[in-house]
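# Summary of the model geometry
The chain contents come next:
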Amino acid sequence: AIGLSMAFYAVYDRIVPAKNKYMATLFNTSATRKVVVSRIYRVNSQLTAVVGVLLDQELRFITARTAGTAVTIQREDTADTLSAGITADHASTAVTEGTGDRALIRRFSAVNEEYVLATLANTITGGTALLHDAQLIWWRGGWSKGLVLRQNQGVTIKNLTNSVVGSVSYAIVFDDEPI
């Protein structure tokens, strides 16, 4: 319904990868609210010289986790208040990945090294973007309800590659809506 949802976003800044690490997690434990994810970005904001690798990552649904390092959820309108039970973190542990049609959403690649600052085109190493610092991993099209997270549901970005070099940042944009 118009006027009932509230828009928020979580920025997971410069997360160091590791094999099978949950890099960015958004989770909902509320019985009266639902989270509707509209966009998820992978952001390369690293300027320090790092020789990274191409990271193999997955966007997945999850049904449980032990929260890792908390990430502050930001609001698009200062008049909005985030409902209790909606949290963001990185480095979650004891994660239960979803199954069946609520499991893997998609696979993608990420780059964990710095910009190539001296090039004329200002491209990002690895060719993931041109003249922009973000890669859109998932978006809610006009055909989609969005990634709907009800009580005890979440989404996570899982890194599969065995690398602890450099860092990757993410942003998850979502609405906090009544059920």
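Owing to the predicted nature of the structure, the values given are computational and were not obtained by experimental measurement.

Glancing now at the side chain of D175. Take D175: it is sitting in strand 13 (residues 168–178). At 4.1 Å, R140 is the nearest oppositely charged side chain to D175, a buried residue that forms no salt bridge. Filtering out sequence-adjacent residues up to four positions away, D175 remains in contact with S5, M6, A7, K34, V35, V36 and R140.

For strand 4 (residues 54–66) and strand 9 (residues 104–111), the ladder comprises 7 bridges, and the chain directions are antiparallel. Each residue of the ladder has a partner; that of E58, found in strand 9, is R107. Note: strand 4 against strand 12 (residues 153–159), 6 bridges, orientation antiparallel. Directly across from R60, in strand 12, lies its bridge partner T156. Strand direction decides the pairing type here: strand 4 and strand 8 (residues 93–97), joined by 3 bridges, are antiparallel. Its bridge partner being in strand 8, T66 is matched across the sheet by T93.

Alignment of strand 1 (residues 6–15) against strand 13, held across 8 bridges, turns out to be antiparallel. Bridged to Y9 within strand 13 is V173. In this structure, strand 1 lies alongside strand 6 (residues 73–75), joined through 3 bridges in antiparallel fashion. Residue A10 lies in a different strand from strand 6, and its bridge partner there is I73.

Moving on to the packing of aromatic side chains. In this structure the tally under the stated criterion is 1 aromatic pair. Centroid distance F8 to F174: 5.9 Å. Interplanar angle 25°. Geometry classified as stacked. Separated by 166 residues along the polypeptide, F8 in strand 1 and F174 in strand 13 bring together distant segments of the chain. Neither residue differs from the other here; F8 and F174 are each classed as buried. Against the face of F61 rests R102, its NZ or CZ located 3.7 Å from the ring centre.

Our next topic: a nonpolar patch on the surface. Side chains of L136, W139 and W143 sit close together on the surface and give an oily, nonpolar patch of about 390 Å² of accessible area. Positionally, L136 belongs in strand 10 (residues 134–139). Accessibility expressed as a relative area gives 33% for L136, which makes it partly exposed.

With that settled, the discussion passes to the environment of V50. Counting through the fold element by element, V50 comes out in the loop between strand 3 (33–43) and strand 4. It is 6.0 Å that separates the C-alpha atoms of V50 and G166, two residues lying 116 residues apart in sequence.

This model, assessed by the stated rule, comprises 9 salt bridges. Taking the shortest distance from any N to any O, the salt bridge between R60 and E58 comes out at 2.7 Å. Each of the two residues, R60 as well as E58, counts as buried. Among the ionic pairs, R60 bridges to E97, the shortest N-O distance being 3.3 Å. Taken as a pair, R60 in strand 4 and E97 in strand 8 lie far apart in primary sequence, 37 residues in all. Take R60: its relative accessible area is 12%, and that puts it in the buried class.

Analysis parameters
- Residues numbered from 1 in each chain as written.
- Predicted model: local features only at pLDDT ≥ 70, side-chain atom pairs only at ≥ 80, totals over all residues.
- Heavy atoms only, no water.
- Helix = DSSP H or I, 4+ residues; strand = E, 2+ residues; numbered from the N terminus.
- Buried < 20%, exposed > 50% of the residue type's maximum accessible area, 1.4 Å probe, protein only.
- Lys, Arg positive; Asp, Glu negative; His and termini not counted.
- Salt bridge = Lys/Arg side-chain N within 4 Å of Asp/Glu carboxyl O.
- Contact = heavy atoms within 4.5 Å.
- Pairing = 2+ DSSP bridges.
- Phe/Tyr/Trp six-rings, centres within 6.5 Å; stacked < 30°, edge-to-face > 60°.
- Lys NZ or Arg CZ within 6 Å of the ring centre and 35° of its normal.
- Patch = residues over 30% accessible without salt bridge, like charges linked within 9 Å, V, L, I, M, F, W, Y side chains within 5 Å.
- Areas by Shrake-Rupley, 256 points an atom, 1.4 Å probe, with all protein chains shown as cover.

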